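A structural walkthrough
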Amino acid sequence: MTRQVEAHHFCSHQNEEFRQCLIYDSPGSDARLIGVEYLISDALFNTLPDGEKPMWHSHEYEVKSGVLFMPEVPGPVQRVDLDKVCKTYGKTFHFWQVDLGHELPLGLPQPMMALTRDGQLYDTLAQDVEKRFGVSFDKEKESRAYMKGPEHGIHPLANGAGKGLKLELRETDCPPMDSMPRVFV
């Protein structure tokens, strides 16, 4: 949680259990594609192997705190969908570190986590977003107080199991091509 970026999600719904989103650094026509996020239901999350669960983050706090919102969508309409999102988990990879000033997507994709409690969001970022989009996180928080997260609470292995996650590149031996079986179709 040492770096934060503004993230605009454009999502498709594969079905009620699964969504996939492209993440841009702004809503403008010059926005840069900086990542992807997969969202799954609580029920689907619970079927994952335990070793996979730390790579997924909960959405309950982001939704109920008001920081996750849909610009220009009326509040009552937003709340219908966000009530569903509140119960989901997401797995996010960012491949363009725009906050570091990179002009191109350099290096390895990195897993990104979500805000999970008060005090994590940088005040300057929060104030800037609220001003530009004409939204009040506090008012949204009040209007979403009735929402519930995952049915049995947030799984203890979610959200990095309380630890940070980082991808690292390592060398590995690859067998010579002539020892590989060849298949021609």
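Residues numbered from 1 in each chain as written. Predicted model: local features only at pLDDT ≥ 70, side-chain atom pairs only at ≥ 80, totals over all residues. Heavy atoms only, no water.

Taken as a whole and judged by the stated rule, the model has five aromatic pairs. Ring centres of Phe18 and Tyr38 lie 6.1 Å apart, and the angle between their planes is 10°; on these two criteria the pair is classed as stacked. One end of the pair, Phe18, is in strand 2 (residues 18-24); the other, Tyr38, is in strand 3 (residues 33-40), and 20 residues separate them in sequence. You can call Tyr38 partly exposed: its relative accessible area is 32%. Seen from their ring centres, Phe69 and Phe137 are 6.2 Å apart, and the 50° between their planes marks the pair as tilted. In this pair, Phe69 sits in the loop between helix 2 (60-65) and helix 3 (75-85) while Phe137 sits in helix 5 (residues 137-143), placing the two residues 68 residues apart along the sequence. Among the aromatic residues, those joined into a cluster by ring pairs are Phe69, Phe133 and Phe137. For the cation-ring pair, Arg32 lies above Trp96, with the distance from its terminal atom to the ring centre recorded as 5.5 Å. Across from the ring centre of Phe45, 5.9 Å away, lies the NZ or CZ of Lys53, which sits over that ring. (Phe/Tyr/Trp six-rings, centres within 6.5 Å; stacked < 30°, edge-to-face > 60°. Helix = DSSP H or I, 4+ residues; strand = E, 2+ residues; numbered from the N terminus. Buried < 20%, exposed > 50% of the residue type's maximum accessible area, 1.4 Å probe, protein only. Lys NZ or Arg CZ within 6 Å of the ring centre and 35° of its normal.)

Further remarks concern the pairing of strand 5 (residues 89-94). The buried fraction of strand 5 is high, at six of six residues. Two elements, strand 3 and strand 5, share six bridges in a ladder whose sense is antiparallel. By the bridge assignment, Gly35 is partnered in strand 5 with His94. Summarising the sheet, strand 4 (residues 57-58) and strand 5 pair through two bridges and their orientation is antiparallel. Residue pairing across strands places Ser58 opposite Tyr89, the latter belonging to strand 5. Bridge count between strand 5 and strand 6 (residues 110-112): three bridges; the pairing is antiparallel. Across the sheet, the residue bridging to His94 is Gln110, located in strand 6. (Pairing = 2+ DSSP bridges.)

Quick look at the side chain of Thr92 now. As for its placement among the helices and strands, Thr92 is situated in strand 5. Residue class for Thr92 comes out buried when judged on its relative accessible area of 6%. A distance of 3.4 Å separates the side chain of Thr92 from the side chain of Glu37, its partner in a polar contact. Setting aside residues up to four positions removed in sequence, Thr92 forms contacts with Ile23, Val36, Glu37, His57, Gln110, Pro111 and Met112. (Polar contact = N/O pair within 3.5 Å; in protein donor to acceptor, adjacent residues only side chain to side chain. Contact = heavy atoms within 4.5 Å.)

Note that all results are geometric; they support no functional claim without further evidence.
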